[in-house]
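Coordinates in review
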Amino acid sequence: MPLLKELKPKNNSAASYFPASTNNSTNHYNWNTVVGFFIKNLHNIKLTQKVRTLDDFKQLCKTHFVEKLDGEPFWHVIEKMYFDNLQTFNIAPEMQTLKVLNPEESNSGDERLSLLFNRLMGDVVIINAPESRLNFLEQEIKKVFDSETEQVRKSHIPHTSYLPFLSEQFQQDLKFLVSYPEHFLQNIKAFLKLYGFLYTAQLSLNIKGWAQKPEVKPCYFILDSEKASKERTKLQLHGHKQVVESSYALFPYLALNESLQDTKKQISPLWQLVNELTDTDIETLNNYAVVFHDDRNLTSQQYFASTTSEAISNLIKLFTEQFKKGTGREGAFQKFNSATRETLIRPFEQNRRRAGSFLILNQDYLLLLTNLCIGQHEKLRLHELLIEFQKRGIFFDKSSEECLIELFERMGNVERMSDSGDAVYVKKTI
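Everything numeric in this text was worked out from a predicted model, so none of it was measured. (Residues numbered from 1 in each chain as written. Predicted model: local features only at pLDDT ≥ 70, side-chain atom pairs only at ≥ 80, totals over all residues. Heavy atoms only, no water.)

1. Regarding a nonpolar patch on the surface
The grouping of Leu69, Phe74, Val77, Met81 and Phe136 at the surface amounts to a nonpolar patch, some 410 Å² of accessible area in total. The topology assignment puts Met81 in helix 3 (residues 75–83). Taking relative accessible area as the criterion, Met81 reaches 37% and is therefore assigned partly exposed. (Patch = residues over 30% accessible without salt bridge, like charges linked within 9 Å, V, L, I, M, F, W, Y side chains within 5 Å. Areas by Shrake-Rupley, 256 points an atom, 1.4 Å probe, with all protein chains shown as cover. Salt bridge = Lys/Arg side-chain N within 4 Å of Asp/Glu carboxyl O. Helix = DSSP H or I, 4+ residues; strand = E, 2+ residues; numbered from the N terminus. Buried < 20%, exposed > 50% of the residue type's maximum accessible area, 1.4 Å probe, protein only.)

See below:
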């Protein structure tokens, strides 16, 4: 039976499928630390008890080099080269794990955000990472790091992905990025930020369609170098405004989903859960609706469903009503939405004054995305590349496509086989 044996009202949470919370003190995120947690999980490693802070690791390296180089004088040069400017993080991708060693700050928000990516990652694990090109000093620092790490088992509960199509693309792109260690180091933070937005946008656009499996929804961007106008219909109907407004449904829908299941075990997304319900669950859901209605002091007329679909619809209305303006939970709702907007949407939005706000891709994100989409190929036809963009939830209208070609031509990674648009190829830049 997919439902909890005893359904009763509890604190609202979306933690299984989304990182934002109703507590502002834990809604502060440090993307460098998020990267550290993600790399730690990607490689299934943990640091030994000897390494609790970055200073601990530095002391281990000092001891190692003093013994190897027969004296301390040269250590100060190494310290200045790799520790004073934190370049030690960039010696190899795995060493990004050292970024989580900051006992002065709470990492609860960062861990929740990294959990989003860990669940997109699924069962992908990097055991034998490609070797980075290291000089003698870097090789020795890496040896110390390797000696102070241990392989561990994945610790999180393997929930079913809410967006299977996006998880598939994330895993494919991650495997490609890992195969280029230097490119990985340069772009891992941008990669996670990009997928953090794509997950938020596609989850927001799919969340109300709980009766069916999610699919890619149109979400239109413009390049940061092009002009915008209100006349571009697709951008107005399926752009920034649609994503922001749709995101307001995340908290009530995800909170309902969590309230129906045992979050200590593997839970299902709402669209999967409803397909597992039977007529024997209708009474349980109706009773839950009555208790929830009373617990939240709601004023809407109570409704008794005769089908599982009607029962879920009724509960969705109640979970949404508890957050309406003037209620005691309105503040918590606003904090959740604010954290979602600031952390996951804001990096990709830009106000163009009279034209309004738009979703923006700058050149750095565009190059990263282009390389990911081309992947193991050397080049793709332009229309094939645009299809790959769309698989990840990024759409362009005709005007943006023209700007896209111009930008690629300026960067020199376009190959024209003829004057026909179909014969325009875009090449990787790595």
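2. Here we look at the state of the cysteines
A full pass over the atoms with the stated rule returns zero disulfides. No disulfide involves Cys373; its sulfur sits 14 Å from that of Cys219, the nearest cysteine. Residue classification places Cys373 among the buried positions, given a relative accessible area of 5%. (Disulfide = S-S within 2.5 Å.)

3. Some words on the pairing of strand 8 (residues 424–427)
Across three bridges, strand 6 (residues 379–381) lies against strand 8 in antiparallel orientation. Of the residues in strand 8, the one forming a bridge with Arg381 is Tyr425. Bridge count for strand 7 (residues 414–416) against strand 8 is three bridges, and the pairing is antiparallel. When the sheet's bridge partners are listed, Arg416 is paired in strand 8 with Val424. (Pairing = 2+ DSSP bridges.)

4. Brief notes about the packing of aromatic side chains
Tallied over the entire structure, the rule returns 26 aromatic pairs. Considering the side-chain rings of Trp31 and Phe117, the 6.1 Å spacing of their centres and the 50° angle between planes classify their relative orientation as tilted. Of this pair, Trp31 sits in helix 1 (residues 31–42) while Phe117 sits in helix 4 (residues 108–121), placing them 86 residues apart in sequence. Judged by relative accessible area, Trp31 falls into the buried class, the value being 11%. In this structure Phe117 comes out as buried when scored by relative accessible area, which is 0%. Considering the side-chain rings of Phe197 and Phe221, the 5.6 Å spacing of their centres and the 80° angle between planes classify their relative orientation as edge-to-face. Of the two residues, Phe197 sits in helix 7 (residues 181–206) while Phe221 sits in the loop between helix 7 and strand 3 (222–223), which places them 24 residues apart along the sequence. For Phe197, a relative accessible area of 0% puts it in the buried group. (Phe/Tyr/Trp six-rings, centres within 6.5 Å; stacked < 30°, edge-to-face > 60°.)

5. Quick word on unusual backbone geometry
The phi dihedral of Asn44 falls on the positive side, at around 55°, and the residue is not glycine. Locating Asn44 in the fold gives a position in the loop between helix 1 and strand 1 (45–47). Asn44 gets classed as buried once you look at its relative accessible area, which sits at 10%. Of note, the phi angle at Leu86 is positive, near 60°, even though the residue is not glycine. The residue Leu86 is located in the loop between helix 3 and helix 4 in this model.

6. Some words on the sheet that holds strand 3
Across the sheet, three strands lie side by side as 3-5-4; this open sheet has mixed pairing. The sheet is open, and its two borders are formed by strand 3 and strand 4 (349–351), each paired with just one other strand. Both strand 3 and strand 5 (residues 357–361) contribute to a ladder of two bridges, which runs parallel. When the bridges of strand 5 are listed, Ile222 appears paired with Ile360. Helix 9 (residues 240–247) contacts strand 4 and strand 5 of the sheet and is inclined by roughly 105° relative to strand 5. (Contact = heavy atoms within 4.5 Å. Axes fitted to C-alpha atoms, helices over the stretch in contact; angles between N-to-C directions.)

7. Some points on the pattern of salt bridges
Under the counting rule described, the total for this entry stands at 22 salt bridges. A salt bridge links Arg392 to Glu388, with the nearest nitrogen and oxygen atoms 3.1 Å apart. Linking Glu401 and Lys398 is a salt bridge whose minimum nitrogen-to-oxygen distance equals 3.8 Å. A residue pair is termed a helical-turn pair when its members lie 3 or 4 positions apart in one helix, as Glu401 and Lys398 do in helix 17 (residues 398–411) at three residues. Accessibility expressed as a relative area gives 18% for Glu401, which makes it buried. On the basis of relative accessible area, Lys398 is assigned to the exposed category, the value being 63%. Residues joined by salt bridges that share partners form a network here, namely Asp173, Glu388, Lys391 and Arg392.

8. A closer look at the confidence of the model for the protein chain
Averaged over the protein chain, the pLDDT score is 91; the fraction of residues at 70 or greater is 95%. Per-element confidence in the protein chain ranges from a low mean pLDDT of 87 for strand 7 to a high of 98 for helix 10 (residues 250–259). (pLDDT = per-residue confidence, 0-100.)

9. Considering helix 17
Under the 1.5 Å per step criterion, the end-to-end length of helix 17 is 20 Å for 14 residues, consistent within 8% with the ideal 20 Å. Those residues of helix 17 that fall on the buried side of the exposure criterion are Ser400, Glu401, Cys403, Leu404, Ile405, Leu407 and Phe408. Of the surrounding secondary structure, the elements contacted by the buried residues of helix 17 are strand 3, helix 15 (363–374), helix 16 (382–391), strand 7 and strand 8. Gly412 occupies a position one or two residues after helix 17 and carries a positive phi of about 80°. (Expected span 1.5 Å × (residues − 1).)

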